[in-house]
Amino acid sequence: MNVSRTVWKLWTFLIVVLSLAFSPGASATEYRLGVDSLPQEGVPKGTVEKHTLSKSRIYPGTTHDYWVYVPAQYDEAKPACVMVFQDGTDFILSKGEVRVPTVFDNLIHKGQIPVTIGIFINPGRNDSGDSMRDEEYLPLNDTYARFLIEEILPDVGRDYNLVDDPEGRAICGMSDGGVGSFTVAWERPDAFGKAMCYIGSFVRVPGGGEYPYRIRKTRGNPKPIRVYIQDNENDLNIMEGNWTLGNIAMESALMFARYDYRFDMGSGGHDLDQGGALFPDALRWLWRDYPGVKGAGDATNLDAVTGQWDLTTNILGQVAHTVLTVTEQNGRLSATLTDDKYGRIEVRDISFKDGILSYRYKVPRSQWKKDPKDEEWKEWKKKEWKGWKEKK
């Protein structure tokens with residue numbers, strides 16, 4: 001028996017199995033497109049027309065192909081909302097993973113999103129025919145936003161009546177285009193109030209990997225943007241970083257800074273399988289309160305937040321337990337906060353908006369700043385200091 005050959009075959013088998021099990025494309029769930037992503041009888045179909053911007057002042061020497069979707073309900077007397085898609089051909093294909101024109105047809109027909117003109121733009125090509133994707137999508141500045149605002153929107157606006165309100169403008173992209181879409185809204189919230197980011201490359205440094213920290217710094221003064229993020233458990237894990245963890249860091253930062261956001265996690269890889277399946281529902285969420293959309297003026301259902309909420313934190317083994325009790329009367333919320341150590345804490349300015357429960361309270365002396373009179377704490381500090389000196 002040739003032992004070395006047997007061992008080699010065994011290792012080869014294990015490598016193949018592990019490669020299949022942990023491949024970025026591995027998925028335990030099969031996502032299927034719903035009825036809103038498929039053509040429906042009796043639903044008017046919009047038109048799609050190709051355009052080319054052959055001269056750019058923002059990106060000299062580049063040519064950009066883009067497609068414009070115009071819904072059947074468009075009325076030139078009324079400004080239409082705008083949604084821009086990066087890597088346009090990936091979103092516009094009638095047999096693709098997302099099928100935006102078909103989804104727009106169905107949701108606009110049902111009044112679940114406003115009358116919206118879609119702009120599907122591909123990365124520019126330079127004089128040598130090379131793609132400018134990295135140069136356009138990755139820099140953390142307002143250059144690409146200015147390209148859209150100063151060149152693309154005016155070009156489309158010559159033929160169609162477009163809104164100039166940021167609440168009526170959205171931008172969407174995937175991978176590096178997801179970072180680019182977030183950057184546009186982040187840099188120019190005065191022009192784009194909504195961003196959708198699929199399998200975003202929020203790991204590049206310098207680049208999208210810097211965003212979680214930048215977002216956290218805006219707590220108390222968040223930018224006026226609404227953000228949708230979708231990623232998958234088995235997204236890329238390469239030298240630049242782990243895409244899944246990068247998107248989770250984005251979600252955590254948006255939560256910390258109190259942004260209006262939604263985060264969906266699928267089981268796929270670097271793909272749009274779940275993103276495409278959820279796209280209609282994500283659009284409904286994105287445009288849920290825009291004037292004219294069905295349900296936009298409905299009163300907020302406060303039942304989702306009334307009751308008791310147990311809040312537990314554990315920092316370096318120090319556990320704190322707090323109970324938030326929320327009640328509602330005549331459409332107004334009130335709350336009490338009861339802490340294990342400090343008892344009842346005053347709560348004021350409580351509100352529930354865009355899925356976010358916010359309240360203010362008088363902060364007691366931090367339980368993490370130990371009382372110097374606490375003998376146990378003093379003894380622990382003494383031991384730590386002694387141990388540090390001995391190690392030194």
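Structure shown above.
Residues numbered from 1 in each chain as written. Predicted model: local features only at pLDDT ≥ 70, side-chain atom pairs only at ≥ 80, totals over all residues. Heavy atoms only, no water.

### A closer look at the overall build of the protein chain
Regarding its fold elements, the protein chain presents ten helices and 16 strands. The buried share of the protein chain, reckoned over its 392 residues, is 44%. The contacts of the protein chain with a sequence gap of at least 6 include a subset with a gap of at least 24, amounting to 69%. Carbon and sulfur atoms make up 52% of the accessible area of the protein chain, which amounts to about 21600 Å² in all. (Helix = DSSP H or I, 4+ residues; strand = E, 2+ residues; numbered from the N terminus. Buried < 20%, exposed > 50% of the residue type's maximum accessible area, 1.4 Å probe, protein only. Contact = heavy atoms within 4.5 Å. Areas by Shrake-Rupley, 256 points an atom, 1.4 Å probe, with all protein chains shown as cover.)

### Thoughts on helix H5 (residues 143-157)
With 15 residues, H5 ought to run about 21 Å at 1.5 Å a step, and its terminal C-alpha atoms sit 20 Å apart, in line with that. Of all the bends in H5, the largest measures some 30° and sits at Ile149. Those residues of H5 lying buried are Tyr144, Ala145, Phe147, Leu148, Ile149, Glu151, Ile152, Leu153, Asp155 and Val156. (Expected span 1.5 Å × (residues − 1). Bend = angle between axes of the 7 residues up to and from the residue.)

### Quick word on the environment of Asn242
Within the secondary structure layout, Asn242 lies in strand E9 (residues 241-242). C-alpha separation for the pair Asn242 and Val203, spaced 39 residues apart in sequence, amounts to 6.8 Å. A distance of 3.0 Å separates a polar side-chain atom of Asn242 from the backbone nitrogen of Leu245. (Polar contact = N/O pair within 3.5 Å; in protein donor to acceptor, adjacent residues only side chain to side chain.)

### Details of the pattern of salt bridges
Tallying each qualifying case throughout the model produces 22 salt bridges. Across the salt bridge formed by Asp176 and Arg133, the nearest N and O atoms sit 3.4 Å from each other. Of this pair, Asp176 sits in helix H6 (residues 176-187) while Arg133 sits in helix H4 (residues 133-137); the two residues are 43 residues apart in sequence, bridging distant segments of the chain. The residue Glu167 makes a salt bridge to Lys194 at a minimum N-O spacing of 3.6 Å. On the criterion of sequence distance, the pair formed by Glu167 in the loop between H5 and strand E5 (169-174) and Lys194 in strand E6 (residues 194-198) is long-range, its members being 27 residues apart. Since its relative accessible area comes to 38%, Glu167 is described here as partly exposed. Three or more residues joined by partner-sharing salt bridges are found here, namely Asp36, Lys110, Arg262, Asp264, Asp281 and Arg284. (Salt bridge = Lys/Arg side-chain N within 4 Å of Asp/Glu carboxyl O.)

### Structural notes on the nonpolar core
If you look at the biggest cluster of nonpolar residues, it comprises 46 residues, and the most contacted ones within it are Phe147, Leu148, Ile152, Phe182, Phe192, Tyr211 and Ile215. Counting residues per element, this core draws most heavily on H5, which supplies eight residues. Counting 32 residues, the second largest nonpolar core, distinct from the first, contains Ile113, Met196, Tyr198 and Leu283. (Core = buried A, V, L, I, M, F, W, Y, C linked by side-chain atoms within 4.5 Å.)

### Section: the packing of helix H3 (residues 100-109) against helix H9 (residues 273-286)
Between H3 and H9, the least distance of the axes is 10 Å, while the angle of their chain directions is 50°. Relative to H9, the element H3 lies oblique. For the pair H3 and H9, the crossing hand works out as right-handed. Contacts between H3 and H9 pair Val100, Val103, Phe104 and Leu107 from the former with Phe279, Pro280, Leu283 and Arg284 from the latter. (Axes fitted to C-alpha atoms, helices over the stretch in contact; angles between N-to-C directions. Parallel < 35°, antiparallel > 145°, perpendicular 65-115°, else oblique. Left-handed = near helix turned anticlockwise from the far one by under 90°.)

### Things to note about the packing of aromatic side chains
All chains considered together, the criterion is met by 18 aromatic pairs. Ring geometry for Phe85 and Phe91: centres 5.3 Å apart, planes at 45°, overall tilted. On the basis of relative accessible area, Phe85 is assigned to the buried category, the value being 0%. For Phe91, a relative accessible area of 0% puts it in the buried group. Of the aromatic side chains, those joined through ring pairs into one cluster are Tyr69, Phe85, Phe91, Phe104, Phe120 and Phe279. A cation over an aromatic ring shows up here: Arg216 above the ring of Phe256, its NZ or CZ 5.0 Å from the ring centre. Cation over ring: Arg226 sits above Trp285, and NZ or CZ is 5.8 Å from the ring centre. (Phe/Tyr/Trp six-rings, centres within 6.5 Å; stacked < 30°, edge-to-face > 60°. Lys NZ or Arg CZ within 6 Å of the ring centre and 35° of its normal.)

### Brief notes about the sheet that holds strand E11 (residues 307-315)
Across the sheet, four strands lie side by side as E11-E12-E13-E14; this open sheet has antiparallel pairing. Each edge of the open sheet is held by one strand with a lone partner, namely E11 and strand E14 (343-345). Neighbour to neighbour, the strand axes of the sheet diverge by 25° on average, direction disregarded. Where strand E12 (residues 318-329) lies against strand E13 (residues 332-339), eight bridges are found, and the strand directions are antiparallel. Bridge pairing in E13 links Thr325 to Thr336. (Pairing = 2+ DSSP bridges.)

### Details of the environment of Gly207
As for its placement among the helices and strands, Gly207 is situated in the loop between E6 and helix H7 (211-216). Distance in space between the C-alpha atoms of Gly207 and Val179 is 8.5 Å, their sequence separation being 28 residues. Not counting residues within four places of it along the chain, the set of residues in contact with Gly207 comprises Leu138 and Leu140.

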